[in-house]
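# Coordinate inspection notes
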Amino acid sequence: MKSTSLNGFLEAELGKPDPDQCLFHVIPAGFEKSVSYGGGTALGPQAILTASQYLELYDGVSVPADRGIYTLPPIPGDQSAEDTLSDIEAAVTSVITSKKIPVLLGGEHTVSVGAFRALSKLDIPMGIVHFDAHADLRDTYEGSNLSHACALHHAVEAGFTVFQIGVRSLSTYDVAYREKKSVHCLDAWDLFSKGIPSPLLPSDFPENIYITFDVDGLDPSVIPATGTPEPGGLFWFQAMDMLLSSITGRKVVGFDVVELAPIPGHHASDFAAARLVYNIMGMISRHSRNPQG
Ligand SMILES: [Mn+2]
C-alpha cells in the first residue's frame with residue numbers, strides 16, 4: 001500500500017526530482033471563495049496529488065513522467081482572492097520563464113485568472129482551449145469579478161482567442177457576451193448532435209495555447225465530485241480526442257485542471273482527475289511543438 005500523505009504528483013514513483021530536470025511544474029492552488037453550490041474544491045489539489053500515487057507510469061502509449069514532474073509547494077488558500085491570484089501569477093510566470101510547463105491544480109476556476117495574467121505578460125497571440133459545462137463569461141457574479149463564473153471573461157478581455165468545449169449552462173449575459181466578442185464554442189448539444197468536427201479548432205487559431213479544464217465539462221457519470229454538476233457532459237474518450245486535436249502541432253504554454261470537489265470515500269473522481277492531468281502531460285510530450293524538456 002502506497003502512502004497517501006505524499007504531496008508531489010507521482011512522488012511515490014518519482015521521489016523528489018530536481019526542478020531543473022522537469023518539464024512539468026505542478027502548482028497546487030486550492031483556492032475556494034466564490035463557490036455557489038456544492039463546496040469542497042479547496043481539497044481538490046491534494047486529492048489529485050494523492051490519487052496520482054496510484055497511476056501507472058506508462059500511460060498506454062509512453063511514459064510522460066520521463067519528461068520530469070516537479071510539484072511546487074501549495075499556494076496558500078486562506079488569503080484574499082487578489083493575494084492568491086498574485087501568488088499564482090508569480091508562480092506561473094516563474095515556471096514559464098524557466099521554459100517549463102505550469103500545471104495548475106484548482107481550486108475554483110478563479111485560479112485560472114492568475115495564469116491568464118501571467119500569459120498576458122508574454123504579449124503573444126494566445127489561444128485558450130476551455131473545457132467546461134459553464135461559459136464562465138460574466139463580468140461580475142454575486143458582487144465580485146473574481147468569481148468562478150467570471151473566469152473566462154478575464155481571458156477574453158486580455159485579448160486571448162477563447163474556444164469553449166462542452167458548455168451546456170449559460171446565463172443570458174454569457175450568450176450576449178459570446179456573440180459580442182465572437183467567442184468560439186462547441187457546445188455539448190452540438191457535440192451530441194453533430195459529433196466532433198475535424199479540424200476541431202479554426203485554422204487561424206493561435207499556435208500558442210493554454211488549456212483550462214473544469215472537470216464539470218466531463219459528464220457527472222465520469223466525475224461526479226464537482227460543485228456545479230450538469231448532465232449531458234463529455235465522455236472520457238471524447239475529451240481525450242479533443243485534447244489531442246487541440247495539442248497536436250501547437251505549443252502548450254500551460255494548462256490547468258480545476259473544480260474537483262472531492263467526496264469523502266469516493267476516490268474514482270479524484271483518480272479520474274489525476275489521470276486527466278497525466279494524460280494531458282503525455283499528449284504534450286508526444287504531440288505538441290513544445291521544446292524537449
Ligand atoms: Mn464549470
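Scoring rules and cut-offs
- Residues numbered from 1 in each chain as written.
- Predicted model: local features only at pLDDT ≥ 70, side-chain atom pairs only at ≥ 80, totals over all residues.
- Heavy atoms only, no water.
- Donors = N, O, S within 2.8 Å, 3.2 Å for Na, K, Ca; no water.
- Buried < 20%, exposed > 50% of the residue type's maximum accessible area, 1.4 Å probe, protein only.
- Helix = DSSP H or I, 4+ residues; strand = E, 2+ residues; numbered from the N terminus.
- Right-handed = clockwise from strand over helix to strand, strands pointing away.
- Core = buried A, V, L, I, M, F, W, Y, C linked by side-chain atoms within 4.5 Å.
- Contact = heavy atoms within 4.5 Å.
- Expected span 1.5 Å × (residues − 1).
- Axes fitted to C-alpha atoms, helices over the stretch in contact; angles between N-to-C directions.
- Parallel < 35°, antiparallel > 145°, perpendicular 65-115°, else oblique.
- Left-handed = near helix turned anticlockwise from the far one by under 90°.
- Nonpolar A, V, L, I, M, F, W, Y, C, P; charged D, E, K, R; others polar.

### Some words on the coordination of the manganese ion
- With distances of 2.2 to 2.6 Å, the protein atoms coordinating the manganese ion are Asp-132 (OD), His-134 (ND1), Asp-214 (OD), Asp-216 (OD) and Asp-216 (OD).
- Mapping the donors of the manganese ion onto the primary sequence yields the spacing D-x1-H-x79-D-x1-D.
- Overall, Asp-214 belongs to the buried group, its relative accessible area being 2%.

### Regarding the pairing of strand E8 (residues 251–258)
- Extensive coverage of E8 is indicated by the burial of 7 of its 8 residues.
- Crossover strand E7 (residues 208–214) to E8 through helix H8 (residues 236–247) is right-handed.

### Thoughts on the nonpolar core
- Ranked by size, the top nonpolar core spans 53 residues in total, and within it Phe-9 and Met-281 carry the most contacts.
- Ranked by residues supplied to this core, first place goes to helix H9 (residues 268–287) with 10 residues.
- Leave out the neighbours within four places in its chain, and Met-281 touches Phe-9, Phe-24, Val-26, Pro-64, Ile-69, Val-103 and Phe-255.
- Counting residues in hydrophobic clusters, the runner-up holds 36 residues, among them Leu-146, Ala-151, Phe-160 and Val-162.

### Details of the environment of Tyr-173
- Residue position: Tyr-173 is located in helix H6 (residues 172–181).
- For the pair Tyr-173 and Asp-136, spaced 37 residues apart in sequence, the C-alpha separation works out to 9.9 Å.
- With residues up to four places along the chain from it excluded, the contact list for Tyr-173 reads Leu-137, Arg-138, Asp-139 and His-153.

### Considerations on the environment of Pro-74
- Relative to the helices and strands, Pro-74 resides in the loop between strand E2 (69–71) and helix H3 (81–97).
- On the basis of relative accessibility, which here comes to 60%, the residue Pro-74 falls in the exposed class.
- Separated by 122 residues in the primary sequence, Pro-74 and Ile-196 place their C-alpha atoms 36 Å from one another.

### Remarks on H8
- An ideal rise of 1.5 Å per residue puts 16 Å on 12 residues; H8 measures up with 17 Å between its terminal C-alpha atoms.
- Restricting attention to buried positions, one finds in H8 the residues Trp-236, Ala-239, Met-240, Met-242, Leu-243, Ser-246 and Ile-247.
- Looking one or two residues beyond H8, the residue adopting positive phi is Gly-249, at roughly 80°.

### Considering the packing of H8 against H9
- At a minimum axis separation of 10 Å, H8 and H9 run at an interaxial angle of 30°. Taken together, the axis directions place H8 and H9 in an arrangement best described as roughly parallel. Judged by the twist between their axes, the crossing of H8 over H9 is right-handed. From H8, Trp-236, Met-240, Leu-243, Leu-244 and Ile-247 reach across to H9, where they touch Ala-272, Arg-275, Leu-276, Asn-279, Ile-280, Met-283, Ile-284 and His-287.
- Class assignment for the residues of the contact of H8 with H9 results in 10 nonpolar, 2 polar and 1 charged.

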